[in-house]
Amino acid sequence: MITAKGLYKRYRKTVAVDQLSFDVRPGVVTGFLGPNGSGKSTTMRLMLGLDHGGGETLFDGEKFTDIRRPMNKVGALLEAKPFHPTRSARNHLRMLASANGVGEKRIDEVMELVGLGTVKRKKPKGYSLGMAQRLGLAQALLGDPKILLLDEPTNGLDPHGIHWMRDMLKHLASEGRTIFVSSHLLSEMQLMADELVVIGRGNMIFNGDVDQFVRDFTQSTVIVRSPGADGFVPALEGAGAEVAKGKDGELVISGMEIGAVGHLAFTENVELSELSTRSASLEEAFMSATGSSEEFIAAEPVAAGAPAAPAAPSAPATPSGGTENA
Ligand SMILES: Nc1ncnc2c1ncn2[C@@H]1O[C@H](COP(=O)(O)OP(=O)(O)OP(=O)(O)O)[C@@H](O)[C@H]1O
């Protein structure tokens, strides 16, 4: 279990992390999301005491600096390639292992676990970014910790690597470990995470269940296909629904429950060939939740030859509403 309380960090005029408080539960993967520059890396560094700032983080009730053998309790992967330039990958882990009372056997075990068994005698400087991420994870797992903090571990991994990382983190969570992982790959996060901490401009936007986040920040829609679709629209609108035409003539209905749509079709004598709900994606929820807290907003692309549009104005500093739990 991780308990973060009142985390705060200011760089000159920039408040990078603003009184963030959240819990990360064991047994599930918790995703850490936020737009670029929202303070995710700074938060993780603060949690591990690698940055000076305000607040406190407890790992199973203990501050990181008070843990006698930190590697056995908390494993972290904060940036790829923080490795010794001349030692082999295995020797790099060996050095860390001996400093932390971890046995030799565990080194080969973690190298195999992350798929680097055949290249463990090579120097990490020759590793690709994806291989470096795997070595970083091996390093984090060396002490068999109950808690893992991973900043963008899928960065640089190919689709197979991303799939592998997802399965690995889900497996580690299923063993009862606490997994806190940041990623920009929202479709991946939707498959991997059970819970979320979402921040914008250093402020808490949401802390809780992924499905709840999607429900809170998007609207699910009801899909209808019918040979009499056009004739059904006035009845739907008369009942207060909003109706849009989707692909292949489907009706995309918002503001009305699926049961009510089915009942209305029955009373209006409309034949249906499909009646279903469509949930929004995590990406849609993320865009809606963090849209106003994006730090870097690009201008709309302009067609070649057209006069350039002025850059979009900066968004207000306050994040959009949500279930703040700070
Ligand atoms: N060493 C530093 N000096 C000054 N400002 C910094 C420093 N590190 C981070 N910042 C600022 O703090 C804010 C948060 O940065 P941080 O890197 O934590 O965000 P992030 O969410 O991890 O971003 P990304 O998703 O792009 O990796 C940004 O405004 C950034 O410019």
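Parameters at a glance
- Residues numbered from 1 in each chain as written.
- Predicted model: local features only at pLDDT ≥ 70, side-chain atom pairs only at ≥ 80, totals over all residues.
- Helix = DSSP H or I, 4+ residues; strand = E, 2+ residues; numbered from the N terminus.
- Buried ≥ 20, exposed ≤ 12 C-beta atoms within 10 Å, placed from the backbone.
- Contact = placed C-beta atoms within 7 Å.
- Arc of directions from axis to C-beta.
- Domains from an automatic or database assignment.
- Near = placed C-beta within 6 Å.
- Nonpolar A, V, L, I, M, F, W, Y, C, P; charged D, E, K, R; others polar.
- Pairing = 2+ DSSP bridges.
- pLDDT = per-residue confidence, 0-100.
- Core = buried A, V, L, I, M, F, W, Y, C linked by C-beta atoms within 7 Å.
- Expected span 1.5 Å × (residues − 1).
- Axes fitted to C-alpha atoms, helices over the stretch in contact; angles between N-to-C directions.
- Parallel < 35°, antiparallel > 145°, perpendicular 65-115°, else oblique.
- Left-handed = near helix turned anticlockwise from the far one by under 90°.

Draft legend 1. The overall build of the protein chain, seen in detail. Across its full length, the protein chain carries ten helices and 14 strands. Sorting the 326 residues of the protein chain into buried and exposed places 38% on the buried side. Sequence separation of at least 24 residues holds for 70% of the intrachain contacts in the protein chain that already meet a minimum separation of 6.

Draft legend 2. Region of interest: helix 10 (residues 282-290). Turning to helix 10, its buried residues are Leu 282, Ala 285, Phe 286, Ala 289 and Thr 290. Each buried residue of helix 10 lies within a common arc of 105° when the element is viewed along its axis, so the set occupies one face.

Draft legend 3. Here's a closer look at the domain arrangement of the protein chain. Examined at the domain level, the protein chain breaks down into domain 1 (2-216) and domain 2 (219-278). The straight-line distance from the C-alpha centre of domain 1 to that of domain 2 is 45 Å.

Draft legend 4. Fine view of the site of the ligand. Taken together, Tyr 11, Thr 14, Ala 16, Gly 34, Asn 36, Gly 37, Ser 38, Gly 39, Lys 40, Ser 41 and Thr 42 make up the full set of residues adjacent to the ligand. Only strand 2 (14-24) and helix 1 (40-47) provide two or more residues apiece to the shell around the ligand. By residue number, the principal contributor to the shell around the ligand is helix 1, which donates three residues. Among the residues forming the shell around the ligand, the class breakdown is two nonpolar, eight polar and one charged.

Draft legend 5. Local environment of the pairing of strand 9 (residues 195-200). Within strand 9, six of the six residues are buried, which leaves the element mostly enclosed by the surrounding structure. With burial as the criterion, each face of strand 9 is covered, one bearing Glu 195, Val 197 and Ile 199 and the other bearing Leu 196, Val 198 and Gly 200. When strand 3 (residues 29-33) meets strand 9, the two strands line up parallel, connected through four bridges. Bridging across to strand 9, Leu 33 finds its partner in Val 198. Examined bridge by bridge, strand 9 and strand 10 (residues 203-209) share six bridges and lie antiparallel to one another. Residue Leu 196 lies in a different strand from strand 10, and its bridge partner there is Gly 208. Taken together, strand 9 and the strand that follows it, strand 10, pair antiparallel across an intervening segment of two residues, in which Arg 201 is found at a positive phi of about 50°.

Draft legend 6. Local environment of the confidence of the model for the protein chain. In the predicted model, the protein chain carries a mean pLDDT of 88, and 88% of its residues have values of at least 70. A low-confidence stretch, residues 308-326 stays under pLDDT 50, and its non-local contacts, those more than four residues away or across chains, total 38 contacts. For this predicted complex, the interface confidence score (ipTM) comes to 0.96, while the overall pTM stands at 0.83.

Draft legend 7. Structural context of the sheet that holds strand 4 (residues 54-59). Here four strands make up an open sheet; going across it, the order is 2-1-4-5 and the pairing antiparallel. Only two strands of the sheet have a single neighbouring strand rather than two, namely strand 2 and strand 5 (62-63). Here strand 1 (residues 2-11) runs beside strand 2; their pairing, made up of eight bridges, is antiparallel. Bridging from a neighbouring strand, Leu 7 pairs with Leu 20 of strand 2.

Draft legend 8. Region of the structure containing the nonpolar core. Among the nonpolar cores identified, the biggest contains 68 residues, and Ala 138 and Val 198 are the most heavily contacted of them. The leading source of residues in this core is helix 4 (residues 129-141), at seven residues. Apart from the residues within four sequence positions on either side, Ala 138 is in contact with Leu 93, Val 110, Met 111, Leu 113, Val 114 and Leu 116.

Draft legend 9. Just the pairing of strand 12 (residues 242-245), in detail. Bridge count between strand 12 and strand 13 (residues 251-254): four bridges; the pairing is antiparallel. Opposite Glu 242, over in strand 13, you have Ser 254 as the bridge partner. Counted along the chain from strand 12 to the antiparallel partner strand 13, the turn is five residues long, and its residue Asp 248 has a positive phi close to 55°.

Draft legend 10. Structural view of the environment of Gly 6. Structurally, Gly 6 can be placed in strand 1. Setting aside its immediate chain neighbours within four residues, Gly 6 contacts Gln 19, Ser 21, Gly 54, Gly 55 and Glu 56.

Draft legend 11. A look at helix 4. If you check helix 4, its first and last C-alpha atoms are 18 Å apart, about what 13 residues at 1.5 Å a residue would give, namely 18 Å. Along helix 4, twelve of the 13 residues are buried, which leaves the element largely enclosed by surrounding structure. Three or more residues of helix 4 are buried, namely Gly 130, Met 131, Ala 132, Gln 133, Arg 134, Leu 135, Gly 136, Leu 137, Ala 138, Gln 139, Ala 140 and Leu 141. Among the structural elements, strand 6 (74-77), helix 2 (89-99), helix 3 (104-113), strand 7 (147-151) and helix 5 (159-174) are those in contact with the buried residues of helix 4.

Draft legend 12. How the structure looks around the environment of Asp 51. Relative to the assigned elements, Asp 51 resides in the loop between helix 1 and strand 4. As for Asp 51 and Glu 284, which are separated by 233 residues in sequence, their C-alpha atoms are 33 Å apart. The contacts of Asp 51, once residues within four sequence positions are left out, are Lys 9, Thr 42, Arg 45 and Leu 46.

Draft legend 13. Highlighting the packing of helix 2 against helix 3. Orientation of helix 2 relative to helix 3, taken along the N-to-C sense of each, is 135°, at an axis distance of 10 Å. By the angle between their axes, helix 2 is oblique relative to helix 3. Handedness of the crossing formed by helix 2 with helix 3: right-handed. For the pair helix 2 and helix 3, the contacting residues are Arg 90, Leu 93, Arg 94 and Ala 97 in the first and Arg 106, Ile 107 and Met 111 in the second. By residue class, the composition of the contact of helix 2 with helix 3 is four nonpolar, no polar and three charged.

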